[in-house]
Amino acid sequence: MSVYTSVTEAELDGWLTTHYSVGRLKALEPIKAGIENSNYFVTTTQGSYVLTLFERLPAAELPFYLELMAHLARHGIPSPAPIADLGDHYLQTLKAKPAALVSRLRGESVEHPGVAECAELGALLARMHLAGRSYGAYLENPRGPKWWRLAASDLRPRLDAEEIALLDRELAFQAQHRFPDLPRGPVHADLFRDNALFEGGRISGVIDFYFAGVDCLLYDIAVCANDWCLEASFGLERERTDALLAAYDTVRPITPGEREAWPVMLRAAALRFWLSRLHDFHLPRAGMLVHAHDPQHFRRILECRRAS
């Protein structure tokens, strides 16, 4: 989350009054973390919300994300619930940008999760995958293999020979390992520690679904493991990883095929985030309050997964 498009309190108050039934604006606060959209905490006389202005996501994809969040919230997953406007639409326009208002969830992210937090995440992720089975819309993972190849092509002139060699080897490896028979469905695809909120030791919210898409469910677990279970040496810490997988397996049993594909999927998840961080580092967009991540972090994770 970040801010590229500025919105004043007067602009937002008028927009809310015209399009929603959520009361008058009391407070507006930009959210500085992240890199994709412009986001604000919004407090009105009737509640607390998050306002998102979509900076580059194709308009045709936005209903998939918003309807998925609404679907999961209806099924008991602590997902932000999109707020319908007076015309019963989730998507509006503000400052010439597609915009959405969603409920603000309580809780705080955990910077250093332990075994208990990883187990909580595993169970929640499995519940989310089961709830997603009845979601009928389809959108291929927007940061999947097709995007990997396009991003690699754009980045190639900006990378050194060692980076290019590593990238080419991993792209070739992943091209030889496709898993069409693994369980698939809607995945969050970006459930890092800062996208999960905890309250009283339980997950009270899962936020930022704007990288979601349909992919192997195992990919979602691998994305989580590479962040939640990481050691200082970039390996996976055994107890946290076991807790994540065991809790998930209790709710949705992990298949033998998924267990076999696990090392490859960990590499795929590392490759995706190394590429996205390289892209944001070398090809940044103009904006303010933007927080970019170090690409080397996921390069080291990828190298560690390849070595093991």
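Before reading on, note that the structure itself is shown above.
Residues numbered from 1 in each chain as written. Predicted model: local features only at pLDDT ≥ 70, side-chain atom pairs only at ≥ 80, totals over all residues. Heavy atoms only, no water.

Chemist: Help me understand the overall build of the protein chain, please; the structure alone is not making it clear to me.
Modeler: For the protein chain, the helix and strand inventory stands at 9 helices and 9 strands. Since a compact globule built from 308 residues should have a radius of gyration of about 19 Å, the 19 Å found for the protein chain is in line with a globular shape. Here the protein chain, with 308 residues, has 54% of them falling under the buried criterion. The positive charge centre, built from 33 side chains, and the negative charge centre, built from 39, are 2 Å apart in the protein chain. (Helix = DSSP H or I, 4+ residues; strand = E, 2+ residues; numbered from the N terminus. Rg over C-alpha atoms; globule rule 2.2 N^0.38 Å. Buried < 20%, exposed > 50% of the residue type's maximum accessible area, 1.4 Å probe, protein only. Lys, Arg positive; Asp, Glu negative; His and termini not counted. Charge placed at Lys NZ, Arg CZ, Asp CG, Glu CD.)

Chemist: In this structure, what is going on with the pairing of strand β8 (residues 202-206)? I would like to understand it.
Modeler: Two faces, one strand: in a regular strand the side chains alternate between the faces of the sheet. With 4 of 5 residues buried, β8 lies mostly within the body of the structure. Taken together, the 4 bridges between strand β7 (residues 196-199) and β8 define a ladder with antiparallel strand orientation. The residue of β8 that forms the bridge with Leu 197 is Gly 205. Where β7 folds back on β8, the antiparallel hairpin that results is connected by 2 residues, among which Gly 200 adopts a positive phi of roughly 65°. (Pairing = 2+ DSSP bridges.)

Chemist: Mind showing me how you'd approach helix α1 (residues 9-19) here?
Modeler: A turn of α-helix holds 3.6 residues, and therefore any two residues three or four places apart point the same way. The set of residues buried in α1 consists of Leu 12, Asp 13, Trp 15 and Leu 16. Buried residues of α1 fall within an arc of 165° about the axis and therefore sit on the same side. For α1, the exposed residues set more than 90 degrees away from the buried face come down to Ala 10 and Thr 18. Of the surrounding secondary structure, the elements contacted by the buried residues of α1 are β1 (25-30), β2 (38-44), β3 (48-53), β4 (92-94) and β5 (97-103). (Arc of directions from axis to C-beta. Contact = heavy atoms within 4.5 Å.)

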